[in-house]
Structure formats: structure tokens, C-alpha cells
Amino acid sequence: MLENALHYSRTLLKNTLVPGDIVIDATIGNGNDTVLLATLVGKTGKVYGFDLQEQAIKKTKEKLLLTGLTDQVVLFQQGHETLSSVLPENTLLAGAIFNLGYLPKGDKTIITKAETTLIAIKEILPRLRKGGLLLLVVYYGHEGGKEEKETVLNYVQTLPQMNYTVLRYDFLNQKNNPPLLIAIEKKERNDN
């Protein structure tokens, strides 16, 4: 059975991350990806999570407390475009995940924006280890969503093939703007 964009992003994370890895949850939302990342990197790893909304930080802290995963997670109530201001300079990342759009069951007027998402992507890519993944689950069925989707797609198509493999994963025959997944893998070696 084919997985939807969100489930496939989690499959990719499970197949890539190992205990001790350092990762980013660029849009912590309701904390589900943060909990998954913390589980995958284990006590020796580190998850840096970002979200503008206090509600997201609070809900995620509760989930981490209930699952016993607080030690390996650092949460920041700030936009993902600010990650370079809090990450140690030479941090080598195994992965990062974004869920673009708005907080489910939250204020639908607070959305991710193309310009700040691009800043974060450009900050993360050089920090990815070989074989590391940057995943973007793009929800675009809201005002401003299509613009962000097109901006991100236009940018990732320009990434050099010798350094990155870029996958677009989405369903073509579904109604109501189903989310799509953009997966960017840093190549193990430089080849054409």
C-alpha cells in the first residue's frame, strides 16, 4: 500500500536515523514528529525543535514528558529561519523535517512562509551529513500555501545533482490539495 506524504516522511526518517544523531524538527506543531525524532536518536542524540506558537511548545513538552524523552530535546519558541542563531556552528545534522502550512487545530492565520522556509533550508543543507535527509511535507490548501509550495519546488530543483538527490512524492489523482513530500538527500559521494 502506498503511504501518504506524512507517513512516507516518517518511514524515511526511520530508515535513516540512528542513536546519537542530531536532527531538527523545524515546525514542531503538535509534537508528533518531535517524539519520533527523539525516539530514533535516543538518549545520546539531540533534537532541536522550532515553532513560533506557545501552544505548540506546550503541547510538545507535555508529550515529551509523558514519553520520557525530554533529555534529548531542546525546544525554541522562534521561527526555523533563526536556527543558525542557536545551533552550535559546526553541528552536523543527520536530518531535518518541516511540516509546512499551519498548526493543526490551531490558528489557521499563522502559517509558514516561503521566505523564512527558504532561509532555513539554506541553513540546513550545508550542515547535513553525507546520507542525511531534509524532508518537507508541504500542505498547500490554504491561503499562501501554493506560493510557498512553488517557491520551495523552484528552489530545490536548482540543487546540484552532484551533491543532492531530490525526490518529489505526491498523489496525482486526489482532490483537495493532498500534501506532497520533498525529500532531499545529501549524496554519499560526488557523481553525475
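Looking at an unreviewed UniProt entry, the protein carries the name SAM-dependent methyltransferase, with the source organism given as Carnobacterium inhibens.

A look at the packing of helix H1 (residues 5–16) against helix H2 (residues 32–41)
In contact at an axis separation of 10 Å, H1 and H2 are set at 15 degrees when each is read in the N-to-C sense. Between H1 and H2, the angle falls in the class roughly parallel. Along this stretch, H1 crosses H2, giving a crossing that reads as right-handed. Two secondary-structure elements touch here, H1 through Leu 6, Arg 10, Leu 13 and Lys 14 and H2 through Asn 32, Asp 33, Leu 36, Leu 37 and Leu 40. Partitioned by chemical class, the residues of the contact of H1 with H2 number five nonpolar, one polar and three charged.

Digging into the sheet that holds strand S4 (residues 93–100)
Pairing within the open sheet is mixed, and its seven strands lie in the order S3-S2-S1-S4-S5-S7-S6. Each of the sheet's edge strands pairs with one partner strand only, and the pair in question is strand S3 (73–76) and strand S6 (164–169). Taking each pair of neighbouring strands and ignoring which way they run, the sheet shows an average axis angle of 10 degrees. Strand direction decides the pairing type here: S4 and strand S5 (residues 128–138), joined by seven bridges, are parallel. Among the inter-strand pairings, Leu 100 is bridged to a residue of S5, identified as Val 138.

Quick notes on the packing of aromatic side chains
One pass over the structure, following the stated rule, counts four aromatic pairs. Ring centres of Phe 50 and Phe 76 lie 5.2 Å apart, and the angle between their planes is 20 degrees; this geometry places the pair in the stacked category. Here the residue Phe 50 occupies a position in strand S2 (residues 46–50), and Phe 76 occupies one in strand S3, the gap between them amounting to 26 residues. You can call Phe 76 buried: its relative accessible area is 16%. Looking at Lys 149, its charged tip hangs above the ring of Tyr 140, at a distance of 4.1 Å from the centre.

Considering the packing of H2 against helix H3 (residues 54–67)
Contact geometry of H2 with H3 gives a least axis separation of 9 Å together with a crossing angle of 35 degrees. The handedness of the crossing between H2 and H3 comes out as right-handed. Seen from H2, the contacting residues are Asn 32, Thr 34, Val 35 and Ala 38; seen from H3, they are Thr 60, Lys 63, Leu 64 and Thr 67. For the contact of H2 with H3, the residue count by class is three nonpolar, four polar and one charged.

Quick word on the pairing of strand S1 (residues 22–25)
Every regular strand shows the same layout, with side chains that alternate between the two sheet faces. By the bridge criterion, four bridges tie S1 to S2 in an arrangement that is parallel. From the neighbouring strand, Val 23 faces S2, where its bridge partner is Val 47. Between the parallel pair S1 and S2, the chain is carried across by H2, and the sense of this crossover is right-handed.

Notes on the pairing of S5
Most of S5 is tucked away, with nine of its 11 residues classed as buried. Two strands pair when backbone bridges link them, and S5 and strand S7 (residues 180–186) are joined in this way by six bridges, in the antiparallel orientation. What sits directly across from Leu 134, in S7, is Ile 184.

Focus on the side chain of Thr 16
Looking at the secondary structure, you find Thr 16 in helix H1. In terms of polar contacts, Thr 16 uses its side chain to reach the backbone carbonyl oxygen of Leu 12, at 2.8 Å. With near-sequence residues (within four places) excluded, Thr 16 lies in contact with Asp 21, Ala 94, Arg 129, Gly 131 and Leu 133.

Rules behind the numbers
- Residues numbered from 1 in each chain as written.
- Predicted model: local features only at pLDDT ≥ 70, side-chain atom pairs only at ≥ 80, totals over all residues.
- Heavy atoms only, no water.
- Axes fitted to C-alpha atoms, helices over the stretch in contact; angles between N-to-C directions.
- Helix = DSSP H or I, 4+ residues; strand = E, 2+ residues; numbered from the N terminus.
- Parallel < 35°, antiparallel > 145°, perpendicular 65-115°, else oblique.
- Left-handed = near helix turned anticlockwise from the far one by under 90°.
- Contact = heavy atoms within 4.5 Å.
- Nonpolar A, V, L, I, M, F, W, Y, C, P; charged D, E, K, R; others polar.
- Pairing = 2+ DSSP bridges.
- Phe/Tyr/Trp six-rings, centres within 6.5 Å; stacked < 30°, edge-to-face > 60°.
- Buried < 20%, exposed > 50% of the residue type's maximum accessible area, 1.4 Å probe, protein only.
- Lys NZ or Arg CZ within 6 Å of the ring centre and 35° of its normal.
- Right-handed = clockwise from strand over helix to strand, strands pointing away.
- Polar contact = N/O pair within 3.5 Å; in protein donor to acceptor, adjacent residues only side chain to side chain.

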